[in-house]
Amino acid sequence: MFVLVEMVDTVRIPPWQFERKLNDSIAEELNKKLANKVVYNVGLCICLFDITKLEDAYVFPGDGASHTKVHFRCVVFHPFLDEILIGKIKGCSPEGVHESLQQPAKFDEAEQVWVWEYETEEGAHDLYMDTGEEIRFRVVDESFVDTSPTGPSSADATTSSEELPKKEAPYTLVGSISEPGLGLLSWWTSN
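Residues numbered from 1 in each chain as written. Predicted model: local features only at pLDDT ≥ 70, side-chain atom pairs only at ≥ 80, totals over all residues. Heavy atoms only, no water.

**Q** Describe the pattern of salt bridges, with residues and values.
**A** What the rule picks out here adds up to eight salt bridges. With a shortest N-O distance of 3.4 Å, Lys32 and Glu29 are connected by a salt bridge. Here the residue Lys32 and the residue Glu29 both occupy positions in helix 1 (residues 22–34), the gap between them amounting to three residues, near one helical turn. For Glu29, a relative accessible area of 18% puts it in the buried group. Residue Glu117 pairs with Lys106 through a salt bridge whose shortest N-O separation is 3.4 Å. Placement of the pair is Glu117 in strand 7 (residues 113–120) and Lys106 in strand 6 (residues 105–108), with a sequence separation of eleven residues. Looking at Glu117, the relative accessible area reads 23%, which means it is partly exposed. Several salt bridges share partner residues, and in doing so they unite Arg20, Glu28, Glu29 and Lys32 into one network. (Salt bridge = Lys/Arg side-chain N within 4 Å of Asp/Glu carboxyl O. Helix = DSSP H or I, 4+ residues; strand = E, 2+ residues; numbered from the N terminus. Buried < 20%, exposed > 50% of the residue type's maximum accessible area, 1.4 Å probe, protein only.)

**Q** Tell me about the nonpolar core, and please be specific about residues and values.
**A** Counting 16 residues, the largest nonpolar core has Met129, Ile135, Phe137, Ile177, Leu184 and Trp187 as the members making the most contacts within it. In terms of residues, this core owes the most to one element, strand 9 (residues 134–144), which gives four residues. Setting aside residues up to four positions removed in sequence, Phe137 forms contacts with Glu83, Ile84, Leu85, Ile86, Gly87, Gly175, Ser176, Ile177 and Leu182. (Core = buried A, V, L, I, M, F, W, Y, C linked by side-chain atoms within 4.5 Å. Contact = heavy atoms within 4.5 Å.)

**Q** Break down the sheet that holds strand 6 for me, citing the residues and quoting the values.
**A** Ordered by their spatial adjacency, three strands build an open sheet running 6-7-8, and the pairing between neighbours is antiparallel. Looking at the sheet topology across the chains shown, the edges are occupied by strand 6 and strand 8 (123–129). Averaged over all pairs of adjacent strands, the angle between strand axes in this sheet comes to 35 degrees, irrespective of strand direction. In this sheet, strand 8 lies alongside strand 7 in antiparallel orientation, the contact comprising seven bridges. (Pairing = 2+ DSSP bridges. Axes fitted to C-alpha atoms, helices over the stretch in contact; angles between N-to-C directions.)

**Q** Give me the state of the cysteines: which residues, what numbers.
**A** Tallied over the entire structure, the rule returns zero disulfides. No disulfide involves Cys47; its sulfur sits 7.2 Å from that of Cys74, the nearest cysteine. Here Cys74 is not cross-linked by a disulfide; its sulfur's nearest cysteine counterpart is in Cys45, at 4.6 Å. (Disulfide = S-S within 2.5 Å.)

**Q** Can you lay out the packing of aromatic side chains for me, pointing to particular residues and giving the numbers?
**A** Applying the stated criterion to the full structure yields three aromatic pairs. For the ring pair Phe144 and Tyr171, a centre distance of 4.5 Å and an interplane angle of 20 degrees mean the geometry is stacked. Here Tyr171 lies in strand 10 (residues 171–176) and Phe144 lies in strand 9, a separation of 27 residues in the sequence. Its relative accessible area of 14% is what places Phe144 among the buried residues. Site record: aromatic cluster; members linked through ring pairs are Tyr40, Phe144 and Tyr171. (Phe/Tyr/Trp six-rings, centres within 6.5 Å; stacked < 30°, edge-to-face > 60°.)

**Q** Help me get a handle on the sheet that holds strand 1 (residues 2–13), residues and values and all.
**A** Pairing between the strands of a sheet comes from backbone hydrogen bonds, and it takes one of two forms, parallel or antiparallel. Across the sheet, which stays open at both edges, the four strands sit in the order 1-4-3-2 with antiparallel pairing between neighbours. The open sheet has two edge strands, strand 1 and strand 2 (37–39), and neither has a second partner. The average angle at which neighbouring strand axes cross in this sheet is 40 degrees, direction not considered. As defined by bridge partners, strand 1 adjoins strand 4 (residues 66–77) across twelve bridges and the pair is classed as antiparallel. Across the sheet, residue Phe2 finds its bridge partner in strand 4, namely Phe77.

**Q** Tell me about unusual backbone geometry, and please be specific about residues and values.
**A** Backbone geometry at Asn36 places phi at a positive 65 degrees, although glycine is not the residue there. As for its position among the elements, Asn36 is in the loop between helix 1 and strand 2. Asn36 gets classed as exposed once you look at its relative accessible area, which sits at 62%. Its identity as a non-glycine residue notwithstanding, Asn41 has a phi of 60 degrees, on the positive side. With respect to the helices and strands, Asn41 occurs in the loop between strand 2 and strand 3 (43–59).

Shown next, in the form of structure tokens:
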């Protein structure tokens, strides 16, 4: 789930930070840049783990800051496929991926939640997947979306200026609860 990823970047240290230790300034700048950010095809950066190598620092004409090439390792959230995770249900909609649910399942329009129709010897029981409940799921796929800014295209010039571009998540996990032991934690614990 959490992995160490080796990275290289050039870090700019402004002149007013020259009185501090170089490693402290670099660590602060790297955490500002990477912490809680998704790096394309890498994962969600949590924090700087350590600095492994500092190369020479340069001051360029017209810029009083130092620029240092840094080799470092970051703690990254990147679960592997088939890993089982526990999360919370953020929301439910009819567009949910019902193929990955315990079957038979249905969407309850009145409650706006998914329901597993669990069959027992005494009859069927509806097990609701309420928002905010903890859920155990298996990671079956992941998707990275490049959300880097792009210039306007010719198609954008013809559209109304009132339309806002659709926001996409830069990193998405697809989970499945279609196996015994997966689903809401409350389903599998005895009270």
